[in-house]
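These are the residues of each chain, in order.
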Amino acid sequence: MDIVLMGVPGAGKGTQAAKLENTLHCKHISTGDVLRAEIASGSSLGKQIAGIIDGGDLIPDEMMVSILKNAATGTDKGIIFDGFPRTVAQAEMLNNMLGQLGRKLVKAVMIDLSEEAAVKRLCARRQCHLPDGSVHQIGPDFSPEDCRAQGGSLFTRPDDTPEHIRHRLSVYHQQTQPVADFYKTQGIYAQVDGDKDPQQVFAELLAVLQA
Ligand code: AP5
Ligand code: MG
């Protein structure tokens with residue numbers, strides 16, 4: 001079962017994708033995480049990417065699709081796409097790519113959240129970088145004390161400043177919002193209320209996916 005999770009920055013795509021990955025035993029591909037891993041590797045591609053992503057703009061479609069293809073091939077599990085597609089061109093390329101791999105999207109789910117709530121969440125977001133390279137969200141399941149106890153360091157994403165958050169939201173409205181109409185036309189669009197407790201959002205998401 002291949003699924004796309006959509007929503008404004010901070011809607012909870014990453015939070016819900018991690019829960020779905022555990023429950024449905026799918027593969028979670030967050031294009032943001034893939035890009036940040038490339039930056040962390042220190043490669044020249046990573047340096048190029050950092051200049052774009054830290055300012056809140058989108059990586060060019062062709063570059064994104066080739067990065068995604070590497071991440072999506074070689075698995076027989078269902079895939080949860082988190083943060084991809086972000087443009088209608090990417091949505092078309094994803095359909096082509098999945099077709100070539102003999103796969104198909106079954107649902108594209110919008111996690112609906114107001115801008116105001118998204119800004120509040122992103123301004124408060126803290127993360128923990130552990131020595132093994134993994135990144136954990138600070139929240140009910142992982143506290144700053146857990147982070148320190150495991151030798152990790154707390155950090156804020158460079159694109160989580162108020163100025164960059166506003167820019168990301170405007171990029172979202174201009175370039176990503178039309179993707180919702182693309183999936184409505186394809187008859188696979190669904191929506192859940194993202195402004196609830198994460199467990200409630202998850203229950204709604206599961207219901208939509210199993211409908
Ligand atoms: P990406 O990493 O995908 O960032 P984003 O879309 O801006 O979304 P976030 O990861 O900030 O939010 P999220 O929806 O995952 O929410 P989360 O679960 O973390 O992309 C970053 C950048 O990479 C882009 O700006 C672009 O430059 C580039 N990029 C990525 N994909 C690309 C593509 N396809 N093409 C081109 N460029 C691309 O939750 C947020 C916070 O809220 C957390 O603190 C969390 O604990 C909290 N929270 C979650 N759910 C709830 C809830 N229900 N109630 C209360 N708090 C909650
Ligand atoms: Mg995310």
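Values in this document were obtained by computation on a predicted structure and should not be read as measured data.

A. How the structure looks around the pattern of salt bridges. One pass over the structure, following the stated rule, counts 9 salt bridges. A salt bridge links K196 to E204; the shortest N-O distance between them is 3.2 Å.

B. Quick look at the site of ligand 1. Looking at ligand 1, there are 32 residues lining it, with T15, T31, D57, R86 and R168 nearest. Backbone polar atom of G14 to an oxygen atom of ligand 1: 2.9 Å apart, as the coordinates give it. A distance of 3.2 Å separates an oxygen atom of ligand 1 from a polar side-chain atom of Q137. Considering ligand 1 on its own, with 1000 Å² of exposed area, one finds that the protein chains cover 90% of that surface. Secondary-structure elements contributing two or more residues to the shell around ligand 1 are α1 (13–24), α2 (31–40) and α6 (115–124). It is α2 that provides the largest number of residues to the shell around ligand 1, a total of 4 residues.

Reading guide: rules and limits
Residues numbered from 1 in each chain as written. Chains lettered and ligands numbered in written order. Predicted model: local features only at pLDDT ≥ 70, side-chain atom pairs only at ≥ 80, totals over all residues. Heavy atoms only, no water. Salt bridge = Lys/Arg side-chain N within 4 Å of Asp/Glu carboxyl O. Near = heavy atom within 4 Å. Polar contact = N/O pair within 3.5 Å; in protein donor to acceptor, adjacent residues only side chain to side chain. Areas by Shrake-Rupley, 256 points an atom, 1.4 Å probe, with all protein chains shown as cover. Helix = DSSP H or I, 4+ residues; strand = E, 2+ residues; numbered from the N terminus.

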